[in-house]
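Each chain, letter by letter, is given below.
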Number of protein chains: 2
Amino acid sequence: MPKFANFVDCNQKFSINSQPLPVLKEGEILVKNLCTSLCRSDIHTYQGKRVEKSPTILGHEIVGVIEELGPQAPLRDVRGNDLKIGDKITWAIFASSPEDDLSKAGIPQKAKDLFKYGHEQITEHNHFHGGLSEYTILRKNTPMAILNNELPNEIASLINCSVATVAGAIRLAGELNGKSVLVNGAGMLGIIACAMASKMGAAKIIAIDQNKERLEISRNFGASEIHLPNESLQDKVDIVLEFSGAIDAMENSIQLLNIGGAAIWIGAVFAQPAVQINAEYIIRNLITIKGLHNYNNEDFINAVSFMEMNHKNFEFEQLIKTGFKLEEVEAAFEYAVNHNPFRVSIDLT
Amino acid sequence: MPKFANFVDCNQKFSINSQPLPVLKEGEILVKNLCTSLCRSDIHTYQGKRVEKSPTILGHEIVGVIEELGPQAPLRDVRGNDLKIGDKITWAIFASSPEDDLSKAGIPQKAKDLFKYGHEQITEHNHFHGGLSEYTILRKNTPMAILNNELPNEIASLINCSVATVAGAIRLAGELNGKSVLVNGAGMLGIIACAMASKMGAAKIIAIDQNKERLEISRNFGASEIHLPNESLQDKVDIVLEFSGAIDAMENSIQLLNIGGAAIWIGAVFAQPAVQINAEYIIRNLITIKGLHNYNNEDFINAVSFMEMNHKNFEFEQLIKTGFKLEEVEAAFEYAVNHNPFRVSIDLT
C-alpha cells in the first residue's frame, strides 16, 4: 500500500502511514511522486506558525510520473503536449474551474471551488493530495506540464511554487528589459527572481538581505549589486520585487522607486502591523503597488519554460539540501528549521 | 497692452497688470484666452494652502483661440488636425520634451524640462503662462487640441485638468465594462469620473461623499448608488477611484475591493499622516494601488473626445458658476472659497 507522511499539528511528529489508492474519478490522473521540496509555508505549518486543517499531507512543490489516466482525464498539458503514462510532469499548486469569474479574470488561484495541493485535509473521499507521499492524485482542472527529462527532479520541483510565483511577480512588474530591479529578500524566491530578471534583460539587479551569505550567492544568480538592509542605495530603481515580508523593507523600498515605478509585494503573507504609506508620494510619483499570492496558468507555463531553458545556466543544485527519503521527513523539517537552507528536498523514488 | 491677474501670495490681493506681448519664439503659439476655470489647486494657492513661486499667473484650465503662429510652430494638433489662426483650442497643463525618458515611458507630466501652465513664475523672459490673463503663449511641445466650436467655453475649459486627470485615472483602472466602480469624493473630478465610467459601461457606480447635495448631483452624472462615508456598502467593488484625499477613505476603500481589484489614488496631493495598509490583505487579495498626478497625452486626447461626445449628455453647466470677468478674479476666488461650487469660471472674452 502507498505510504504518505501524515501531519496532525506542530506538537506531533509525522507518522508514515499507508493507505490503498482509491479508484480514479472523472478527470483525475494518478502520479507516482519522484521528488517534493519543502516550501517556506510547509515549514511554517510544521513550526505551528500557520495552521492547516489536519490530518493533512504537506508538500506542494512536487514532480512525478504519470502512472494512470482516469476516465475523461485531460489529453494535453498546458503547452498542448499529449499526456501519456510515463511522462514526467509537475503541476500547479491549485485546481479550480476555468469557468469561475476569477479564473476568467486570470486569477484561478482564488476561484471559488479552489483545491490546493499540500493544503487539504485528509478525509475518506479526499486523499493523496500532498507531496509528502508516494502518490498524488491530480484533480480535474489541474494545470500540469510534461517536463524535459533532462531537468533534475529536485530542480523541477521548485517550479511549483517558487518559480511560478516569481514568474507571476515579474508578469505584474511588466517589461524588465533595461530596467533596474530591487529584489528585497534573497531567499529561494529572491534568488530565482534575480535569475529571471537577469534573463529578461534587467540592466541592474540589486539584492537586499540581512544574510550576507545569501547575498553572495545571489551574485551567482544575476544580482549585480548586493546590500544589507541598512545600507543606502546610490540610485533609485524602476521595480521592487518584495519577498522579505518585512515592514521596514516594504516602506523603505517604495521611497527608492523612480517616478512611475512599481513595487510587487509577495512576501508578507502573515499577520503583522500595518505598512505606513505616504499617499502624496505615491500620487506625485505615480507609484504602483501590486500584491501577488500564488500564480496563474500563464505564470506556471513561464516557470516551466524558464527552468527548462535555464537550469544549466545557474547552479540551482547548490540551493537544495537533498538526501532525505519519505521516512526521514521529520529529520528533513528539522534540518530546514535548524540550518535554513534555501530548500530541503525529499527523494520519493 | 494685454492684461493679466498678477498673484503674489495669499496675503495680497490680485492686481490687474498689463504688459506688452513678447515676440514669439520657436515653436510657440499665441492664444487669445476665452475662458479659464479655477481648479482646486488654484484655490489652495489663493488660500495659502500651497505655495507657488511668485509673482505668477494662476489658472491652467483654459480654452482660447489661436491668434498667431510663431516660427516653426507645430502644424498639427494631438489628433492630427491642421492648426490655423482662429481655431478654438485647449491644451495640456504641461509642455515637456517628447525625448525625455519619462515622456517615452508615458509620463510626460514628470519629464525633466517640465513647464506647467498656471504654475510658473513671471520673469522677464517667461510670461503669459497662466489662464488668468487675456493671452497665453503656448510653449513648444505643448499637447493641444482643436475643439469643436459647439463645445461651450466654460465646459471646454474643464478638459484641462479635471477631465484629463479623470481620463488618466480610468486608463490606470483598466477595462470598466461590466465592472463595479466606487468613486470616493463627488467633487468636480468625482462627478466627471461617474459620467466617464457610465459611458464606459460600468455596471455599478457608487459615489461616496460627505456632502449630500453633491451626492444627489452625482446621480445625474451616472452614479447608480450614493453613500455618506459612514454608511456601509452591501457588495465589494472592482475599482476604487479615490479623489477625496481623506486617509479614512483610502484605508476603508481598499477593504471594499474584490480579489484582483484596483484602487487609483488621485486626491491626496497634500502632506498628511501615513495611510495604514495591511500588506497581507493586499497580497492575498491581489490588490493593486496606483497613484496618479496629472495625466499624459493619451489622457488629454481621450478627455477632449469624451467632452465633445458627451457635453450634451450631462448637465455640466450646472456645475459651473459663471459670470466673472478678469477684473473680478478676486471676487471669483472669494466666491469659490465661500460657496464651494464645483467650478468657478472666468470669462475672458
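Predicted, not measured: the structure shown is a model, and the values here were computed from it.

**Student:** For the overall build of chain A, give the residues involved together with the corresponding values.
**Tutor:** In terms of regular secondary structure, chain A is built from 10 helices and 18 strands. The C-alpha radius of gyration of chain A comes to 20 Å, within 12% of the 20 Å expected for a compact globule of 349 residues. Taken along the three principal axes of its C-alpha coordinates, chain A extends 60 × 40 × 40 Å. For chain A, with 349 residues in total, the buried portion stands at 59%. At a minimum sequence separation of 6, the contacts of chain A that also span at least 24 residues come to 70%. Of the accessible surface of chain A, which amounts to about 13,800 Å², a share of 48% is contributed by carbon and sulfur atoms. Separation between the mean location of the 32 positive side-chain charges and that of the 42 negative ones in chain A comes to 2 Å.

**Student:** Any details on the interface of chain B and chain A? Residues and values, ideally.
**Tutor:** On the side of chain A, 31 residues touch chain B, which itself brings 31 residues to the contact. Contact between chain B and chain A buries roughly 2,800 Å² in total, counting both sides, with carbon and sulfur atoms accounting for 65%. Among the residues chain B hides against chain A, the three largest losses belong to B:I283, B:R284 and B:L286. Together they make up 23% of the total. Connecting chain B to chain A are 0 salt bridges. For the interface between chain B and chain A, the tally reads 16 residue pairs in polar contact (both at pLDDT 80 or more). Those elements giving two or more residues to the side of chain B that touches chain A turn out to be β14 (257-265), β15 (275-277), α8 (279-284) and β16 (288-291) of chain B. Counting residues per element, the side of chain B that touches chain A draws most heavily on α8(B), at 5 residues. Grouping the constituent residues of the side of chain B that touches chain A by class yields 20 nonpolar, 7 polar and 4 charged. Bridge count for strand β16 (residues 288-291) of chain A against β16(B) is 3 bridges, and the pairing is antiparallel. Residue pairing in the sheet places A:T288 in a bridge with B:K290 of β16(B).

**Student:** Kindly report on the pairing of strand β3 (residues 29-37) of chain B, identifying the contributing residues and their values.
**Tutor:** All names here are of chain B. Burial analysis of β3 places 8 of its 9 residues in the buried class, the great majority of the element. Sheet topology note: the β3/strand β4 (residues 61-69) ladder contains 8 bridges and is antiparallel. Pairing of T36 across the sheet is with I62, part of β4. Sheet topology places β3 next to strand β8 (residues 135-138); 4 bridges connect them, and they run antiparallel.

**Student:** So what's going on with the relation of the copies chain B and chain A? Which residues, and what values?
**Tutor:** The two copies are related by a screw operation: chain B maps onto chain A through 180° of rotation and 0.0 Å of translation along the axis, at an RMSD of 0.0 Å. The two molecules are tied by a two-fold rotation axis, judged by turn and shift. Most of the interface of chain B is mirrored in chain A: 100% of its interface residues are interface residues there too.

**Student:** Residues and numbers for unusual backbone geometry, please.
**Tutor:** The step from A:N160 to A:C161 runs through a cis peptide bond, and the omega angle for that step is 15°. Omega for the peptide link from B:S54 to B:P55 comes to 0°, which places this bond in the cis form. For B:P55, the location among the structural elements is in the loop between α1 (40-47) and β4. The backbone of A:Q72 sits at a positive phi, close to 55°, despite the residue not being glycine.

**Student:** Outline the state of the cysteines, listing residues and values.
**Tutor:** Scanning the model with the defined rule gives 0 disulfides over all chains in all. Free cysteine A:C10: the closest other cysteine sulfur is in A:C39, separated by 18 Å. Judged by its relative accessible area of 39%, A:C10 is partly exposed. The thiol sulfur of B:C39 is not disulfide-bonded, and the nearest other cysteine sulfur, from B:C161, lies at 3.7 Å.

**Student:** Any details on empty space enclosed by the protein? Residues and values, ideally.
**Tutor:** Residues and elements named next belong to chain B. Enumeration according to the criterion identifies 3 cavities of 30 Å³ or more in this entry. Here the largest cavity is characterised by a volume of approximately 40 Å³. Residue assignment for the lining of the largest cavity shows that the elements contributing at least two residues are α1 and β18 (343-347). Among the residues making up the lining of the largest cavity, the classes are represented as 7 nonpolar, no polar and 2 charged.

**Student:** Account for the pattern of salt bridges, with residues named and values stated.
**Tutor:** Evaluation of the coordinates by the stated rule reveals 34 salt bridges over all chains. Residue A:E61 is joined to A:R343 by a salt bridge in which the shortest nitrogen-to-oxygen separation is 2.9 Å. Placement of the pair is A:E61 in strand β4 (residues 61-69) and A:R343 in strand β18 (residues 343-347), with a sequence separation of 282 residues. The pair A:E61 / A:R343 is uniform in exposure class, with both members buried. The partner of B:R50 in a salt bridge is B:E52, with the nearest N and O atoms 2.8 Å apart. B:R50 sits in the partly exposed class, given a relative accessible area of 27%. Bridged by salt links that share partners, the residues A:K204, A:E225 and A:D235 form one connected network.

Thresholds, definitions, all that
Residues numbered from 1 in each chain as written. Chains lettered and ligands numbered in written order. Predicted model: local features only at pLDDT ≥ 70, side-chain atom pairs only at ≥ 80, totals over all residues. Heavy atoms only, no water. Helix = DSSP H or I, 4+ residues; strand = E, 2+ residues; numbered from the N terminus. Rg over C-alpha atoms; globule rule 2.2 N^0.38 Å. Buried < 20%, exposed > 50% of the residue type's maximum accessible area, 1.4 Å probe, protein only. Contact = heavy atoms within 4.5 Å. Areas by Shrake-Rupley, 256 points an atom, 1.4 Å probe, with all protein chains shown as cover. Lys, Arg positive; Asp, Glu negative; His and termini not counted. Charge placed at Lys NZ, Arg CZ, Asp CG, Glu CD. Buried area = accessible area lost by both parts, 1.4 Å probe. Salt bridge = Lys/Arg side-chain N within 4 Å of Asp/Glu carboxyl O. Polar contact = N/O pair within 3.5 Å; in protein donor to acceptor, adjacent residues only side chain to side chain. Nonpolar A, V, L, I, M, F, W, Y, C, P; charged D, E, K, R; others polar. Pairing = 2+ DSSP bridges. Least-squares fit on C-alpha atoms with pLDDT ≥ 70 in both. Disulfide = S-S within 2.5 Å. 1 Å grid on protein atoms, 1.4 Å probe; cavity = no way out; pocket = protein on both sides within 12 Å on 5 of 7 lines; lining within 4 Å. Points joined across faces, edges and corners; volume = space filled by probe spheres on them.

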